[in-house]
Amino acid sequence: MGTPIPMVELWRGGMLESTHTGHAVIWGDGGIVESWGDPGAIIFPRSSCKMIQALPLIETGAADKVALTERHLALSCASHQGSALHVEMTGRWLADLGKSEADLRCGSHEPYDKAERDRLIAAGEGACQLHNNCSGKHCGFVTVTRHLGADAEYLELDHPLQKAIRAATEEVTEETVSGYGIDGCSAPNFAVSLTGLARAMASFAKAGDSGSVRERAMHRLTRAMAAHPELVAGEGRACTELMRAMDHRVTIKTGAEAVFVAIVPERRLGLALKITDGNSRASEAAVTALLARLGVLEASHPAALKRLPAPQKNCRGKITGELRLSEGFL
């Protein structure tokens, strides 16, 4: 990985306390429109690539075979809060397939949604796999696996589903993957360059409701995400709030370890961002700044101001510092 540049800083008491460095690429019709740091940096896209992982759901015919709705497609690309909304929808999805929570392979964790967490505590219940932030993606995986009549262990690297995801990843990034790691939900995550990821997002941005099977699948997935941001993340989350702030015209998706992508159809642009220390407050600030730079997000919108410049408050509500862009970035 080449040299990253300072992007976001935390100031306290008039002094610079922390600096977050990173890389970013904006890709358009003519190639790289702008870049910062090393555009060739190889990264794990983590959950930012869920729309790529969901391509086989549509391209195999699995989604249409069981009449999945636009809401299902949005949920298949989600890193959700595990709220009642998400749990009920994933549970119903599986039941409609004749499957159950036991057919998922994502594992369970406590829901991020406080209301659902408190409900579980009050009821003396434990979290299940439906609460996993990736359960929507795994419902999509189960749907494809069922459609193909393939082995239930759909996370194995040689499984037809994972082979299809790897092929789709290489085709839309236009590069050979640089290896793979295992994601938090146990799925393979294929390493690509930041440029490749931005190029892929631009392909999604250019896709319409006509054309090839791939183009139609891209269009359906990204428009579903933009139309239903509450399913993609959840209340209070950057993805949900920023897509609403942009009037559902732009699709954005975060990934663990401070990755962010954006799909901007009206500009035919794709954006990919990585903060090298994995800090999500910095990736949210940086992507907010980049979206404002592209003219698709009002910098004065409350959802933008919540993230940049972002006052830092302590438990008493006292402002202790501020998150700012680094000088020289943008």
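Residues numbered from 1 in each chain as written. Predicted model: local features only at pLDDT ≥ 70, side-chain atom pairs only at ≥ 80, totals over all residues. Heavy atoms only, no water.

Caption draft 1: View of the overall build of the protein chain. The secondary structure content of the protein chain amounts to 14 helices and 12 strands. At 19 Å, the protein chain has a C-alpha radius of gyration in line with the 20 Å of a compact globule built from 330 residues. Across its three principal axes, the protein chain shows a C-alpha extent of roughly 60 × 55 × 35 Å. Across the 330 residues that make up the protein chain, the buried fraction comes to 52%. Partitioning the intrachain contacts of the protein chain with sequence separation of at least 6 by distance along the chain shows that 63% fall at a separation of at least 24. Surface accessibility of the protein chain: about 13400 Å² in total, with carbon and sulfur atoms responsible for 49%. The average position of the 36 basic charges and that of the 39 acidic charges among the side chains of the protein chain differ by 3 Å. (Helix = DSSP H or I, 4+ residues; strand = E, 2+ residues; numbered from the N terminus. Rg over C-alpha atoms; globule rule 2.2 N^0.38 Å. Buried < 20%, exposed > 50% of the residue type's maximum accessible area, 1.4 Å probe, protein only. Contact = heavy atoms within 4.5 Å. Areas by Shrake-Rupley, 256 points an atom, 1.4 Å probe, with all protein chains shown as cover. Lys, Arg positive; Asp, Glu negative; His and termini not counted. Charge placed at Lys NZ, Arg CZ, Asp CG, Glu CD.)

Caption draft 2: Region of the structure containing empty space enclosed by the protein. One pass over the structure, following the stated rule, counts 2 cavities of 30 Å³ or more. The space that makes up the largest cavity amounts to roughly 80 Å³. Forming the walls of the largest cavity are Pro45, Cys49, Ile52, Gln53, Ile165, Thr169, Thr173, Pro188, Asn189, Phe190, Val192 and Leu197. Elements supplying a minimum of two residues to the lining of the largest cavity: α1 (50-53), α8 (160-173) and β6 (188-190). The class makeup of the residues in the lining of the largest cavity is 8 nonpolar, 4 polar and no charged. The space that makes up the second largest cavity amounts to roughly 60 Å³. What lines the second largest cavity is Lys50, Gln53, Ala54, Pro56, Leu57, Ser76, Lys137, Gly140, Phe141, Val144 and Leu161. At the level of elements, α1, α2 (55-59) and α7 (135-148) are the ones that each hand at least two residues to the lining of the second largest cavity. No other element matches α7, which puts 4 residues into the lining of the second largest cavity. Tallied by class, residues from the lining of the second largest cavity come to 6 nonpolar, 3 polar and 2 charged. (1 Å grid on protein atoms, 1.4 Å probe; cavity = no way out; pocket = protein on both sides within 12 Å on 5 of 7 lines; lining within 4 Å. Points joined across faces, edges and corners; volume = space filled by probe spheres on them. Nonpolar A, V, L, I, M, F, W, Y, C, P; charged D, E, K, R; others polar.)

Caption draft 3: Looking closely at the nonpolar core. Core analysis: the largest hydrophobic core is formed by 101 residues, its most contacted members being Ile52, Leu55, Met201, Ile252, Leu273 and Leu291. A per-element tally of this core places helix α9 (residues 194-206) first, with 8 residues. With sequence-adjacent residues up to four places away left out, Met201 is seen in contact with Met51, Ile52, Val261, Ala262, Ile263, Leu269, Gly270 and Leu271. (Core = buried A, V, L, I, M, F, W, Y, C linked by side-chain atoms within 4.5 Å.)

Caption draft 4: Looking closely at the state of the cysteines. A full pass over the atoms with the stated rule returns 0 disulfides. Cys106 supplies the cysteine sulfur nearest to Cys139, a cysteine that is in no disulfide, at a spacing of 7.9 Å. Note on Cys139: relative accessible area 0%, which makes it buried. Between Cys185, a free cysteine, and Cys134, which holds the nearest cysteine sulfur, the sulfur-to-sulfur gap is 4.0 Å. Judged by relative accessible area, which is 2%, Cys185 ranks as buried. (Disulfide = S-S within 2.5 Å.)

Caption draft 5: Summary view of the pattern of salt bridges. Across all of its chains, the model carries 21 salt bridges by this definition. Note that Glu230 and Arg71 form a salt bridge whose closest N and O atoms lie 3.7 Å from each other. Separated by 159 residues along the polypeptide, Glu230 in helix α11 (residues 229-232) and Arg71 in helix α4 (residues 70-76) bring together distant segments of the chain. Residue classification places Arg71 among the partly exposed residues on the basis of a relative accessible area of 32%. In this structure, Glu266 engages Arg249 in a salt bridge whose closest nitrogen and oxygen atoms are separated by 2.9 Å. Here Glu266 is found in the loop between β9 (259-264) and β10 (269-275), whereas its partner Arg249 is found in the loop between α12 (238-245) and β8 (251-255), with 17 residues between them in sequence. Look at Arg249 and you get partly exposed, because its relative accessible area is 29%. (Salt bridge = Lys/Arg side-chain N within 4 Å of Asp/Glu carboxyl O.)

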